[in-house]
There are 12 protein chains.
Amino acid sequence: MSNHVYKQIELTGSSPTSIDDAVKSAIEKASETLRHLNWFEIIETRGHIEDGKVAHWQVTLKVGMRLED
Amino acid sequence: MSNHVYKQIELTGSSPTSIDDAVKSAIEKASETLRHLNWFEIIETRGHIEDGKVAHWQVTLKVGMRLED
Amino acid sequence: MSNHVYKQIELTGSSPTSIDDAVKSAIEKASETLRHLNWFEIIETRGHIEDGKVAHWQVTLKVGMRLED
Amino acid sequence: MSNHVYKQIELTGSSPTSIDDAVKSAIEKASETLRHLNWFEIIETRGHIEDGKVAHWQVTLKVGMRLED
Amino acid sequence: MSNHVYKQIELTGSSPTSIDDAVKSAIEKASETLRHLNWFEIIETRGHIEDGKVAHWQVTLKVGMRLED
Amino acid sequence: MSNHVYKQIELTGSSPTSIDDAVKSAIEKASETLRHLNWFEIIETRGHIEDGKVAHWQVTLKVGMRLED
Amino acid sequence: MSNHVYKQIELTGSSPTSIDDAVKSAIEKASETLRHLNWFEIIETRGHIEDGKVAHWQVTLKVGMRLED
Amino acid sequence: MSNHVYKQIELTGSSPTSIDDAVKSAIEKASETLRHLNWFEIIETRGHIEDGKVAHWQVTLKVGMRLED
Amino acid sequence: MSNHVYKQIELTGSSPTSIDDAVKSAIEKASETLRHLNWFEIIETRGHIEDGKVAHWQVTLKVGMRLED
Amino acid sequence: MSNHVYKQIELTGSSPTSIDDAVKSAIEKASETLRHLNWFEIIETRGHIEDGKVAHWQVTLKVGMRLED
Amino acid sequence: MSNHVYKQIELTGSSPTSIDDAVKSAIEKASETLRHLNWFEIIETRGHIEDGKVAHWQVTLKVGMRLED
Amino acid sequence: MSNHVYKQIELTGSSPTSIDDAVKSAIEKASETLRHLNWFEIIETRGHIEDGKVAHWQVTLKVGMRLED
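Fair warning: this is a prediction, and the values are worked out from it, not measured in the lab.

This brings us to the overall build of chain A. A tally of regular secondary structure across chain A gives 1 helix and 3 strands. Seen in sequence order, chain A has helices and strands lined up from the N terminus as β-α-β-β. Its C-alpha radius of gyration of 14 Å places chain A more than 25% over the 11 Å reference for a compact globule of 69 residues. C-alpha atoms of chain A, sized along the principal axes, occupy 50 × 20 × 15 Å. Looking at chain A as a whole, 58% of its 69 residues are labelled buried. Contacts in chain A between residues at least 24 apart in sequence constitute 61% of all its contacts with a sequence separation of at least 6. Looking at chain A as shown, the accessible area adds up to about 2900 Å², and 42% of this sits on carbon and sulfur atoms. Taking the 8 positively charged and 11 negatively charged side chains of chain A as two groups, their mean positions are separated by 3 Å.

Contacts between the two partners involve 14 residues from chain I, matched on the other side by 13 residues from chain E. Taken together, the connections running from chain I to chain E amount to 2 salt bridges. With 7 residues, helix H1 (residues 19-31) of chain I is the single largest residue contributor to the side of chain I that touches chain E. With 3 bridges connecting them, strand S2 (residues 37-50) of chain E and strand S2 (residues 37-50) of chain I associate as antiparallel partners. Across the sheet, residue His 48 of chain E finds its bridge partner in S2 of chain I, namely Trp 39 of chain I.

A few words now on the relation of the copies chain F and chain H. At an RMSD of 0.0 Å, chain F and chain H line up after a rotation of 120 degrees and a shift of 0.0 Å along the axis. Such a turn and shift between the copies fits a three-fold axis. Within chain F, the C-alpha atom positioned nearest to the axis of rotation is that of Ile 19 of chain F, 5.0 Å from it. Of the interface residues in chain F, just 8% have counterparts in chain H that sit at the interface too, so the contact is made through distinct surfaces.

Moving on: the confidence of the model for chain A. Here chain A averages 94 in pLDDT, while 96% of its residues score no lower than 70. Predicted complex, confidence summary: ipTM 0.94, pTM 0.95.

What separates chain C from chain F at the closest point of their C-alpha atoms is a distance of 15 Å, and the two make no contact. Of all C-alpha pairs spanning chain C and chain I, none lies closer than 15 Å, and the two are not in contact.

Our focus in this paragraph is the pattern of salt bridges. Under the criterion given, the structure shown has 48 salt bridges over all chains. The salt bridge involving Lys 62 of chain J is made with Glu 10 of chain F; its shortest N-O contact spans 3.1 Å. On the criterion of chain membership, the pair formed by Lys 62 of chain J in strand S3 (residues 53-66) and Glu 10 of chain F in strand S1 (residues 6-15) is interchain, its members lying in two chains. The exposure class of Lys 62 of chain J is partly exposed, given its relative accessible area of 21%. One salt bridge connects Arg 46 of chain I with Glu 41 of chain G, and the closest N-O pair in it is separated by 3.5 Å. Taken together, the positions of Arg 46 of chain I in strand S2 and Glu 41 of chain G in strand S2 (residues 37-50) put the pair across two chains. Classification of Glu 41 of chain G as buried rests on a relative accessible area of 18%.

A few words now on the relation of the copies chain I and chain E. Superposing chain I onto chain E requires a rotation of 120 degrees together with a translation of 0.0 Å along the rotation axis, leaving an RMSD of 0.0 Å. The residues that chain I uses at the interface reappear at the interface of chain E in only 7% of cases, marking distinct surfaces.

For helix H1 (residues 19-30) of chain B, with 12 residues, the first-to-last C-alpha span of 17 Å sits near the 16 Å given by 1.5 Å per residue. You can read the cap of H1 of chain B off the contacts: a side-chain oxygen lies 3.0 Å from the backbone nitrogen of Asp 21 of chain B, and it is on Ser 18 of chain B.

We now examine the interface of chain F and chain H. Each partner contributes to the interface: chain F provides 13 residues, whereas chain H provides 14 residues. Where chain F packs against chain H, one counts 2 salt bridges. Lys 53 of chain F is the salt-bridge partner of Glu 28 of chain H, the closest N and O atoms lying 3.6 Å from each other. Where chain F touches chain H, the interface holds 5 residue pairs in polar contact (both at pLDDT 80 or more). Listed by contribution, the elements that provide at least two residues to the side of chain F that touches chain H are strand S2 (37-50) and strand S3 (53-66) of chain F. Counting residues per element, the side of chain F that touches chain H draws most heavily on S2 of chain F, at 6 residues. When its residues are assigned to classes, the side of chain F that touches chain H shows 4 nonpolar, 6 polar and 3 charged.

On to unusual backbone geometry. Its identity as a non-glycine residue notwithstanding, Asp 51 of chain E has a phi of 55 degrees, on the positive side. Among the structural elements, Asp 51 of chain E can be located in the loop between S2 and strand S3 (53-66). We note that His 36 of chain F has phi near 65 degrees; this positive angle belongs to a residue other than glycine. For His 36 of chain F, the location among the structural elements is in the loop between helix H1 (19-30) and S2. Judged by its relative accessible area of 30%, His 36 of chain F is partly exposed.

Assignment of secondary structure puts Ser 31 of chain F in the loop between H1 and S2. The spatial distance from the C-alpha of Ser 31 of chain F to the C-alpha of Pro 16 of chain F is 21 Å, given a sequence separation of 15 residues. When residues no more than four places from it in sequence are discounted, the contact partners of Ser 31 of chain F are Gly 52 of chain D together with Leu 37 of chain F.

Now for the environment of Gln 58 of chain B. All names here are of chain B. Within the element layout of this structure, Gln 58 appears in strand S3 (residues 53-66). Judged by its relative accessible area of 14%, Gln 58 is buried. Between the C-alpha atoms of Gln 58 and Glu 44, which are 14 residues apart in sequence, the distance is 8.3 Å. Polar side-chain contacts of Gln 58 include one of 3.4 Å to the side chain of His 48.

The rules behind the values
Residues numbered from 1 in each chain as written. Chains lettered and ligands numbered in written order. Predicted model: local features only at pLDDT ≥ 70, side-chain atom pairs only at ≥ 80, totals over all residues. Heavy atoms only, no water. Helix = DSSP H or I, 4+ residues; strand = E, 2+ residues; numbered from the N terminus. Rg over C-alpha atoms; globule rule 2.2 N^0.38 Å. Buried < 20%, exposed > 50% of the residue type's maximum accessible area, 1.4 Å probe, protein only. Contact = heavy atoms within 4.5 Å. Areas by Shrake-Rupley, 256 points an atom, 1.4 Å probe, with all protein chains shown as cover. Lys, Arg positive; Asp, Glu negative; His and termini not counted. Charge placed at Lys NZ, Arg CZ, Asp CG, Glu CD. Salt bridge = Lys/Arg side-chain N within 4 Å of Asp/Glu carboxyl O. Pairing = 2+ DSSP bridges. Least-squares fit on C-alpha atoms with pLDDT ≥ 70 in both. pLDDT = per-residue confidence, 0-100. Expected span 1.5 Å × (residues − 1). Polar contact = N/O pair within 3.5 Å; in protein donor to acceptor, adjacent residues only side chain to side chain. Nonpolar A, V, L, I, M, F, W, Y, C, P; charged D, E, K, R; others polar.

Below, the structure is given as structure tokens:
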């Protein structure tokens, strides 16, 4: 852990398939432009309903990344 | 979003299989008698343990539905 | 429910695979040494990221067990 | 627990006598029109004061009921 | 306050104009079909943004109503 | 409710007997020096244990009083 | 900010007109007898309903005041 | 308070009679095997309903105990 | 909602006029430099007091924006 | 603990030096005019930044005092 | 992080000197009898006041430890 | 306070020495690349334990900065 400083951001990913998949979607999208992503925490799990079924899972994450020295 | 009014209710579904399945179970049961279900949010995830294993997943949802005009 | 007294403890399990699997991992580990495990509640879902992907899911549970008479 | 779906509602009962009595009052009133009431949780305990004494205890409950198949 | 029992429900109203107006919208809609509405509490204030401006205010209320004897 | 302004204060009462009695103790003590006490809400219930038994119940209240015109 | 010490109190103001007006009502009433009021935070917004309409807005504030040296 | 170190545990007691009795039940059961129990705080009050009446009160406590030197 | 990923940021706007106006001020300022602002949620409403009157309303928002593909 | 009644107030102290010092500052200031101060709990720790450094630590406390008999 | 399972416990340490010292006191005491202590989180900071000064700092920690394989 | 708009970000700093030092570390690191840092609030204090002692303090801050006109 040494003396690094970390920044946390909040992201929401979605998936028609599952909670786990919506998490992966947000993290993979974020890692396209951000480096040193280190950990995440789920802070909200929601979804949309269409015709009486779950149409999309939507998961909001706090994601921590190490600031570069 | 216009000028609709929404009502939220709280439901608990369960499943021997997974968290995602317990969510689907609650929503499909609710949609048998309620119309215009629109979104949900997971507010609690619990379960029962039997013989040292997860026997049932139990997920509590807030479910939003549009009131008819 | 009768007149039993229950004790709750807090455990964190992890899995490279899924949220559900991290829960099972914590409960199976705990049941090796503790008896009468009865229910659980998820209180935190986190994970570690490596190379822009979820490397481990980490789930913290409150687990209730019945105290023996 | 099987595959039942539960609905939770929020009720407030009151009593000039005690906290316990305000809970019973809400549950007995609700059970006149609702079936399959299963559990409750106290979420707020308030009261009114008149002439420097507790005049009424007011207890708000979340009450869970099993939806019929 | 006597011995009445109250039920609380959760509603979301919206308005293009203001927070206060979204509250009134939810209460007036609810009072078309529900009697003895007695009080409300704002539990969430959100809104939608279009073209860099607030397009709709959306206010979620807990609304208390007296159950009839 | 008109245009009155209310002030809330926080008090802790205790009793060797019961939760309800600790509430009454705090309110009766407060009403010796404060006028227009109007309502209370329990915000914490604690107690001390001696020799494996409850020795004192300690209840913390928010108490609302009407400010005089 | 220097070395001043601040005290916070909790007040509830009401208004038949609007949320903003209920805030102003509480602060103007408090400033009749208290000096050095410095800031406020809204901690609860409620209201009463009569005949299916908002009759009074009731806003609870935490108000900070600087203690005199 | 000196330099002692305390440990807190979480227990749930139940009683067919009252909230106060469920607290006592948990503390008396715990004191059979644990020494130096010092204080408790109620963190949840729930119950089961049978035939439209409260069948059991269930109270969850955080209980603090002094670790021996 | 499809497969978009959203980012949430936290902003505080202020206004001498009203709560609604402080919200609009934060959103219009943010939209000068950020694209695809989609929704907001009020998370704190505070203000400064001068001469016994509200001098500024200060509203803190969580604002969600869609990340570009 | 006997049958005393306690009142809690909320204070904010500040210090250019440290968190601990800001706590002491609030308590010493309060004890100039209030008697029987008994305990405190930190409820918020904030500070001001000037030229990229901590200029003041600001700590908000709940302070409990025994009411005189 | 691999597949280890962690257990969290809650401890309170105290010190006449400082917040940091009360944390160290709890952890050093716990490490006399528990192995594999891994991390902590402060969940409450309180203290006792005597003669208008801080007599003891009291800090409550959640402490995580790795369960042995 | 005028009409400025503020943005809040979340940072975690660490230090082998003390809580206060971990706060300073996060703020000094952030001020290397960000201007107009104005205030902070501690939202979490954690640490790592090695060989039964505190090895690192880790403090998470919300930091507010003024957006440039």
